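Architecture at a glance
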Amino acid sequence: MSFLTLESVSKSFGANTVVKEFDLGVRKGEFISFLGPSGCGKTTVLRMVAGFETPTSGAITIDGEDVTMLPANKRRIGMVFQAYALFPNMNVYDNVAFGLKINGMDNAAVDRRVRDMLDMIALGHLADRYPYQMSGGQQQRVALARALAPQPRVLLLDEPLSALDAKIRLSLREDIRKIQRELGITTVFVTHDQEEALSISDRVIVMNKGRADQMGTPSEIYNRPKTRFVAEFVGTLNMFDARVADAGANRLNLAGRDIALPSSSGAALRNGETVKLALRPEAFYLDAQRPDDVPLEGRVQHMGFHGSIIRAKVTVGEQTVTIDMFNQANVAMPSVGEPIKLYFSPADALVLAA
Amino acid sequence: MKRYPAFPTLIVIAASLYFLVPLYATFDFSLRMERGVLSFAAYRDVFQSDTFISTLTFSAVASLVAILLGALIIVPTAYWVRLKLPRVRPLVEFLTLLPLIIPPVVLVFGYMRIYGNNSFLPLTTTDPGTNLLLVIGYTVLSLPYMFRAVDNGMAAIDIATLTEAAESLGASRFAIIRRVIFPNVRSAIMAGAFLTFSISLGEFVMASLLNRPAFGPYLVQMGQDYAYQPAALAIMAFVVTWASMALMQVFATRKPGQRFLPRMPRLSTFAPRRVQS
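Since this is a predicted model, take the numbers as computed values, not measurements.

**Quick look at the pairing of strand S17 (residues 309-316) of chain A**
All names here are of chain A. Side chains Ile-310, Ala-312, Val-314 and Val-316 of S17 all project onto a buried face; the interleaved residues Ile-309, Arg-311, Lys-313 and Thr-315 project onto a face where none is buried. As paired elements, strand S16 (residues 294-305) and S17 share six bridges and run antiparallel to each other. Across the sheet, residue Arg-299 finds its bridge partner in S17, namely Thr-315. Turn length for the S16-S17 hairpin, with the two strands adjacent in sequence and antiparallel, is three residues, and the turn residue Gly-307 shows positive phi of about 85°. One ladder, built from eight bridges, connects S17 with strand S18 (residues 319-326); its direction is antiparallel. Its bridge partner lying in S18, Val-314 is registered against Val-321. What sits between S17 and S18 in their antiparallel hairpin is a turn of two residues, with Gly-317 showing a positive phi close to 60°.

Encoded structure:
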């Protein structure tokens with residue numbers, strides 16, 4: 001039974017339909033993320049759940065209650081914004097207390113709840129500070145406490161980490177997930193950052209042109225993308241043209257080599273057609289791991305140091321392939337210009353329609 | 001040592017003299033009421049006048065009511081226009097500029113025709129009614145300053161997101177305006193208020209044509225009847241205007257939670273330290 005449901009929700013602005021027949025069911029306590037490029041409609045869906053936009057058609061229910069036409073201030077939803085949106089005229093304490101006072105809670109209960117919330121975000125010592133006296137990370141923590149203080153039914157996070165620097169983003173991301181688990185609150189998170197979405201979500205919804213291209217666990221989204229858009233948008237992909245040699249046996253021909261795939265990744269293959277064989281950068285090895293691994297010959301074009309990994313560009317035939325290798329200090333890495341052999345397992349290859 | 005460029009410095013000095021010399025001359029003249037000595041006799045004379053106190057009080061009260069009325073009209077209007085009707089903002093901006101284009105004499109004659117003896121609402125036939133018209137007139141005169149100040153104040157904060165944040169926390173539109181928008185544009189309202197105050201305190205045309213016992217007509221009357229007292233009044237009016245401007249600056253630059261004056265050091269700070277033995 002879904003706690004938050006969207007049934008055939010569409011939204012048009014004039015002639016422009018930005019969300020098309022969108023269906024979603026979120027279980028109570030689940031953390032889901034909308035992932036997609038700018039303009040894909042993810043924020044519009046979130047704003048419709050919040051009550052800031054009214055769907056052109058369809059229905060939204062929370063805990064069985066139809067909230068489609070309910071004003072935002074009656075929905076009991078907590079929202080955290082990209083720009084923090086703390087009230088500049090109020091200090092931290094008053095910001096967190098705002099929703100509680102609006103809802104008529106007595107002063108003693110407000111005080112207890114605000115103290116609890118500030119302890120939760122470990123900013124109790126900054127209760128008297130004003131937003132302009134705090135860092136972005138601190139402000140966003142306060143915004144989270146403010147959103148959670150009135151015990152909302154659903155927590156909506158609209159790119160809350162986008163305005164923060166990398167280190168704060170990472171720690172706040174972990175804090176958000178920890179707090180969400182502790183409180184068991186149903187959460188919808190909007191982001192265009194795939195790493196963010198994949199790392200903290202129970203499920204990810206990849207959106208494209210107002211529709212959900214794929215819904216699934218982070219692992220399903222990354223390892224088994226159902227559409228070419230999802231495959232290309234999430235992570236980095238190397239694409240090779242391959243010809244279907246035997247559709248029944250999932251046999252492809254890649255640059256004169258015969259490859260037997262364990263599965264066709266759900267794609268309908270026809271003998272003789274050309275398909276795209278997609279491989280993640282981490283699917284390549286410098287040494288063969290198994291007997292059926294497929295070898296490719298190439299020349300190192302560029303080596304990029306990324307800390308824990310080294311990302312190399314390798315010219316294979318007329319194509320440039322991106323490969324990732326673990327940075328191991330004791331293992332010699334190929335140098336630029338050096339000819340190398342790459343191996344990949346057919347099991348790691350995805351077949352996409354050309 | 002920092003060097004100042006010659007030409008701009010000369011221009012600043014010339015402009016300052018152009019402004020300060022007449023001011024000094026007026027001040028000097030205002031001190032020469034008693035033959036042969038410099039004294040504040042003209043000022044004393046003005047302060048001892050009952051008419052001065054009553055007209056100043058009347059105009060100050062009328063100005064303050066106009067400021068309050070202006071803020072109550074302008075803040076929700078500017079808020080709504082920025083939030084929901086951004087397309088009509090140029091029109092609203094133009095409408096608020098009209099008092100600068102249309103002379104007050106036109107406005108006040110319009111009032112007298114619409115709210116005169118034969119009107120459905122004969123406001124000019126009673127004192128409270130005419131006072132109300134004067135306040136409304138001052139409110140109209142304040143529109144260009146008030147709207148611009150409040151609109152700029154709203155541009156400085158993200159009112160759309162603040163509104164949504166407050167809504168998601170359960171606040172109604174009225175609560176949002178009262179608890180979020182008003183406090184956040186308070187310094188802008190104060191800036192508009194001080195401008196309005198300094199303009200309407202000495203306003204002559206409306207007060208005179210509506211026959212109100214205001215400070216503007218009193219100033220003109222004094223100018224016709226006396227020599228030294230008008231100079232003293234001019235200096236005092238100048239001080240009030242500059243004090244308003246200074247207060248406007250203080251309010252405009254003050255951040256929430258900031259004190260008006262720096263915190264006084266506690267006496268214990270000055271106590272001699274004990275030397276540990």
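Here the narrative resumes, following the displayed structure.
**Examining the side chain of A:Glu30**
All names here are of chain A. With respect to the helices and strands, the residue Glu-30 is situated in the loop between strand S2 (16-26) and strand S3 (31-35). The exposure class assigned to Glu-30 is buried, which follows from its relative accessible area of 3%. Side-chain polar atoms of Glu-30 contact the side chain of Arg-203, separated by 2.6 Å. Those residues in contact with Glu-30 that lie beyond four places of it in its chain are Gly-25, Gln-180, Ile-185, Thr-186, Thr-187, Asp-202 and Arg-203.

**What about helix H4 (residues 89-101) of chain B?**
All names here are of chain B. The end-to-end C-alpha separation of H4 is 19 Å, in line with the 18 Å expected for 13 residues at 1.5 Å each. Along H4, the residues classified as buried are Val-92, Thr-96 and Pro-99. Residues of H4 that are buried sit in contact with helix H3 (50-83) and helix H6 (127-155).

**With respect to the sheet that holds strand S4 (residues 57-62) of chain A**
Residue and element names in this part refer to chain A. Strand order in the open sheet formed by four strands is S2-S1-S4-S5, and the pairing between neighbours is antiparallel. Looking along the sheet, the strands with just one partner apiece sit at the ends: S2 and strand S5 (65-66). As paired strands, strand S1 (residues 4-13) and S4 are joined by five bridges and run antiparallel to one another. Paired with Glu-7 across the two strands is Ala-59, which belongs to S4. Helix H1 (residues 42-50) rests against S1, S2 and S4 of the sheet, and its axis sits at about 115° to S1.

**Regarding the packing of helix H2 (residues 41-48) of chain B against helix H12 (residues 228-253) of chain B**
All names here are of chain B. Where H2 meets H12, the axes come as close as 8 Å, and the angle between the chain directions of the two elements is 85°. With respect to their mutual orientation, H2 and H12 come out roughly perpendicular. For the pair H2 and H12, the contacting residues are Ala-42, Tyr-43, Asp-45, Val-46 and Phe-47 in the first and Tyr-228, Gln-229, Ala-232, Leu-233, Ile-235 and Met-236 in the second. Among the residues making up the contact of H2 with H12, the classes are represented as nine nonpolar, one polar and one charged.

**Examining the environment of A:Met120**
All names here are of chain A. The residue Met-120 is located in helix H3 (residues 107-120) in this model. Classification of Met-120 by relative accessible area gives partly exposed; the value is 22%. As a C-alpha pair, Met-120 and Asp-175 span 55 residues in sequence and 9.8 Å in three-dimensional space. When near neighbours in sequence (up to four residues on either side) are disregarded, Met-120 contacts Leu-148, Ile-179 and Leu-183.

**Observations regarding the pattern of salt bridges**
Inspection of the entire model under this criterion finds 25 salt bridges over all chains. Measuring nitrogen to oxygen at the nearest pair gives 3.1 Å for the salt bridge that ties A:Glu232 to A:Arg228. Of this pair, A:Glu232 and A:Arg228 both sit in helix H8 (residues 228-233), four residues apart, roughly one helical turn. A salt bridge links B:Asp28 to B:Arg32; its shortest N-O distance comes to 2.7 Å. Looking at B:Asp28, the relative accessible area reads 17%, which means it is buried. Ionic contacts of the salt-bridge type, sharing partners, join the residues A:Arg27, A:Glu30 and A:Arg203 into one network.

**Description of the interface of chain A and chain B**
Every contact between the two is made by 23 residues of chain A and, on the other side, 20 residues of chain B. Carbon and sulfur atoms supply 66% of the area buried between chain A and chain B, which totals about 2,000 Å² over both sides. At the boundary of chain A and chain B, one finds one salt bridge. Residue B:Glu164 pairs with A:Arg47 through a salt bridge whose shortest N-O separation is 2.5 Å. At the boundary of chain A with chain B, the tally comes to four residue pairs in polar contact (both at pLDDT 80 or more). Of all the secondary structure elements, the ones that give two or more residues to the side of chain A that touches chain B are strand S6 (77-80), helix H2 (92-102) and helix H4 (136-148) of chain A.

**Some details on the packing of aromatic side chains**
Under the counting rule described, the total for this entry stands at 19 aromatic pairs over all chains. On the numbers, 6.2 Å between centres and 55° between planes, the contact of B:Tyr111 with B:Tyr115 is tilted. What makes B:Tyr111 buried here is its relative accessible area of 10%. Relative accessible area serves as the criterion here: at 22%, B:Tyr115 is assigned to the partly exposed category. Here A:Arg146 stacks its cationic end above the ring of A:Phe87, 4.6 Å away from the centre of that ring. In this arrangement the basic side chain of A:Arg280 is found over the ring face of A:Tyr222, its NZ or CZ atom lying 4.1 Å from the centre.

**Brief notes about the environment of A:Ser12**
Residue and element names in this part refer to chain A. Mapped onto the elements, Ser-12 comes out in strand S1. With relative accessibility at 24%, the residue Ser-12 sits in the partly exposed group. The spatial distance from the C-alpha of Ser-12 to the C-alpha of Pro-55 is 8.0 Å, given a sequence separation of 43 residues. With residues up to four places along the chain from it excluded, the contact list for Ser-12 reads Thr-17, Val-18 and Thr-56. Separated by 3.0 Å, the side chains of Ser-12 and Thr-17 make a polar contact.

**Remarks on the packing of H3(B) against helix H7 (residues 159-168) of chain B**
Residues and elements named next belong to chain B. Viewed as axis vectors pointing N to C, H3 and H7 meet at an angle of 95°, and their least axial separation amounts to 10 Å. With respect to each other, H3 and H7 are oriented roughly perpendicular. Residues Tyr-79, Arg-82 and Leu-83 of H3 form the contact with H7, whose own contacting residues are Ile-159, Ala-160 and Thr-163. Residues that form the contact of H3 with H7 fall into these classes: four nonpolar, one polar and one charged.

**Topic: helix H8 (residues 173-184) of chain B**
Each full turn of the α-helix corresponds to 3.6 residues, which orients residues three or four apart in the same direction. For H8(B), with twelve residues, the first-to-last C-alpha span of 15 Å sits near the 16 Å given by 1.5 Å per residue. Listed in full, the buried residues belonging to H8(B) are B:Ala175, B:Ile176, B:Ile177, B:Val180, B:Ile181 and B:Asn184.

**A word on the domain arrangement of chain A**
All names here are of chain A. Per the domain assignment, the segments of chain A are domain 1 (4-232) and domain 2 (236-353). Look at where the C-alpha atoms of domain 1 and domain 2 centre, and you get two points 38 Å apart. Counting residues at the interface gives nine residues for domain 1, matched by eleven residues for domain 2. Contact between domain 1 and domain 2 buries roughly 800 Å² in total, counting both sides, with carbon and sulfur atoms accounting for 49%. Counting across the domain 1 and domain 2 interface gives zero salt bridges.

Parameters and conventions
- Residues numbered from 1 in each chain as written.
- Chains lettered and ligands numbered in written order.
- Predicted model: local features only at pLDDT ≥ 70, side-chain atom pairs only at ≥ 80, totals over all residues.
- Heavy atoms only, no water.
- Buried < 20%, exposed > 50% of the residue type's maximum accessible area, 1.4 Å probe, protein only.
- Helix = DSSP H or I, 4+ residues; strand = E, 2+ residues; numbered from the N terminus.
- Pairing = 2+ DSSP bridges.
- Polar contact = N/O pair within 3.5 Å; in protein donor to acceptor, adjacent residues only side chain to side chain.
- Contact = heavy atoms within 4.5 Å.
- Expected span 1.5 Å × (residues − 1).
- Axes fitted to C-alpha atoms, helices over the stretch in contact; angles between N-to-C directions.
- Parallel < 35°, antiparallel > 145°, perpendicular 65-115°, else oblique.
- Nonpolar A, V, L, I, M, F, W, Y, C, P; charged D, E, K, R; others polar.
- Salt bridge = Lys/Arg side-chain N within 4 Å of Asp/Glu carboxyl O.
- Buried area = accessible area lost by both parts, 1.4 Å probe.
- Phe/Tyr/Trp six-rings, centres within 6.5 Å; stacked < 30°, edge-to-face > 60°.
- Lys NZ or Arg CZ within 6 Å of the ring centre and 35° of its normal.
- Domains from an automatic or database assignment.

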